[in-house]
Amino acid sequence: MYNLLKGKKGIIFGALDQNSIAWKVAERAHEEGAEFVLTNAPIALRMGQLKELAEKTGSEIIPADATSMEDLTNLVEKSMEILGGKLDFVLHSIGMSVNVRKGRAYTDPKYDFTTKGWDVSAVSFHKTMNVLYNKEAMNEWGSIVALTYMAAQRVFPDYNDMADNKAFLESIARSFGYFFGRDHNVRVNTISQSPTPTTAGQGVKGFDGFISYAEKMSPLGNATALECADYTISLFSDLTKKVTMQNLFHDGGFSNVGVSDAVMERFTEE
Ligand code: NAI
């Protein structure tokens with residue numbers, strides 16, 4: 001361990017169970033010396049195992065539905081009280097599509113579901129940054145990260161309307177990143193992660209085929225949740241102060257490969 005986050009304080013959204021990317025980020029942030037508050041939607045807290053993580057990392061839990069400005073305001077105010085000052089890092093690790101959950105085709109969604117999906121998966125990031133920005137809750141040179149997927153740039157048919165939600169999320173990171181940088185010297189980025197076996201990941205139809213295809217296409221193989229946590233820690237650390245408004249691929253090279261030998265072999269078999 002490198003003490004990369006020694007003395008830093010933050011909020012981590014979205015740890016549901018041990019597989020969650022946010023869970024791994026919390027464990028790694030703790031190892032690197034950070035103090036933080038854990039948060040998730042009230043319903044997820046009832047089902048989840050977050051208490052175990054809180055005990056392990058000496059953290060408090062504050063429930064917040066990330067679509068509620070009231071909850072987010074309470075979360076940020078209470079977190080600053082608990083941690084004794086402003087924040088240095090925030091992780092947004094939240095995604096959900098009602099259309100995917102209910103098995104609606106991309107070509108025939110229910111638009112109420114579509115609205116709920118982009119509110120949870122994208123606008124919640126805007127709302128979070130709204131509260132952080134207007135309450136001046138971030139320290140100078142702080143870092144805000146959200147997690148995304150490459151379906152924002154390229155078509156993966158079964159990713160459904162989450163593709164549009166991720167495109168929206170990445171745009172919000174760029175746009176808010178401008179104001180946060182200009183006014184508070186705070187950076188905002190998205191990490192575009194490989195397919196990862198988590199609750200949200202496995203909700204995507206055909207996930208098993210999808211993850212092994214990505215593995216075969218990526219020269220370095222798929223990035224794991226723990227590797228994603230390591231990358232996130234680097235973005236929270238002081239070693240990346242001038243990286244902002246970027247969508248950063250963390251995918252073993254997948255996004256720049258047209259075809260790999262391993263995939264070609266499958267198509268040239270007699
Ligand atoms: P996960 O299922 O462990 O985490 C998703 C979290 O979102 C859960 O903790 C859930 O309770 C939370 N959430 C849902 N609605 C909420 C609300 N209204 N308010 C607050 N929290 C809410 O799955 P995972 O994979 O760790 O997901 C984290 C992020 O990583 C998501 O943004 C996801 O889209 C992204 N991602 C995941 C990939 C994968 O293959 N698993 C690939 C690329 C990005």
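All figures in this text were calculated on a predicted structure; none of them were measured in a lab.

Quick notes on the packing of helix α4 (residues 69-83) against helix α6 (residues 111-134)
- Where α4 meets α6, the closest approach of the two axes is 9 Å, and the angle between their N-to-C directions is 45°. Regarding the angle of α4 to α6, the classification is oblique. The crossing of α4 and α6 is right-handed. Along the contact surface, α4 presents Met-69, Leu-72, Thr-73 and Val-76, while α6 presents Ser-124, Lys-127, Thr-128, Asn-130, Val-131 and Leu-132.

Thoughts on the UniProt feature "binding site: NAD(+)" (unreviewed entry) in the protein
- When the UniProt feature table is mapped to this numbering, "binding site: NAD(+)" (unreviewed entry) covers Gly-14, Ser-20, Ile-21, Ile-94 and Lys-166. Among the annotated residues just listed, those lining the largest pocket are Gly-14, Ser-20, Ile-21, Ile-94 and Lys-166.
- For Ser-20, the location among the structural elements is in the loop between β1 (9-13) and α1 (21-31).
- Apart from residues lying up to four places away in sequence, Ser-20 is in contact with Gly-14, Ala-15 and Thr-198.
- As for its placement among the helices and strands, Lys-166 is situated in helix α7 (residues 162-184).

Quick notes on the sheet that holds β1
- On the basis of which strands lie adjacent, the open sheet formed by seven strands has the order β3-β2-β1-β4-β5-β6-β7 and parallel pairing. Either end of the sheet is taken by a strand with one partner, and the two such strands are β3 (60-61) and β7 (247-250).
- By the bridge criterion, three bridges tie β1 to strand β4 (residues 87-92) in an arrangement that is parallel. The residue of β4 that forms the bridge with Ile-12 is Leu-91.
- On the sheet, α7 packs against β4, β5 (138-148), β6 (187-193) and β7 and is oriented at approximately 175° with respect to β5.

Reading the values: rules and limits
Each chain has its residues counted from 1, following the order in which its sequence is written. Thresholds applied to this predicted model are a pLDDT of at least 70 for local features of residues and 80 or more for the giving and counting of side-chain atom pairs; totals over whole chains, interfaces and linings are not thresholded and use all residues. To get the side-chain values, take all heavy atoms of the structure and skip hydrogens and water. Here, axes are lines fitted to C-alpha atoms. For helices the fit covers the stretch in contact, and angles between N-to-C directions go from 0 to 180 degrees. Helix and strand assignments follow DSSP, with helices taken as H or I runs no shorter than four residues and strands as E runs no shorter than two, numbered in order from the N terminus. These descriptions rest on fixed angle ranges, namely under 35 degrees for roughly parallel, over 145 for roughly antiparallel, 65 to 115 for roughly perpendicular, and the rest for oblique. Crossings are classed by handedness, with left-handed meaning an anticlockwise turn of the near helix from the far one by less than a right angle and right-handed meaning a clockwise turn. Two residues qualify as a contact provided that any one of their heavy atoms is within 4.5 Å of a heavy atom in the partner residue. UniProt positions are given in the numbering used here, feature names are shortened, and annotations may be inferred rather than shown by experiment. Grid points spaced at 1 Å over the protein atoms alone were grouped into cavities, where a 1.4 Å probe fits but cannot get out, and pockets, open sets with protein on both sides within 12 Å along at least five of seven lines, with lining residues defined by an atom within 4 Å of a point. Note: two strands are recorded as paired if DSSP finds a minimum of 2 bridges between them.

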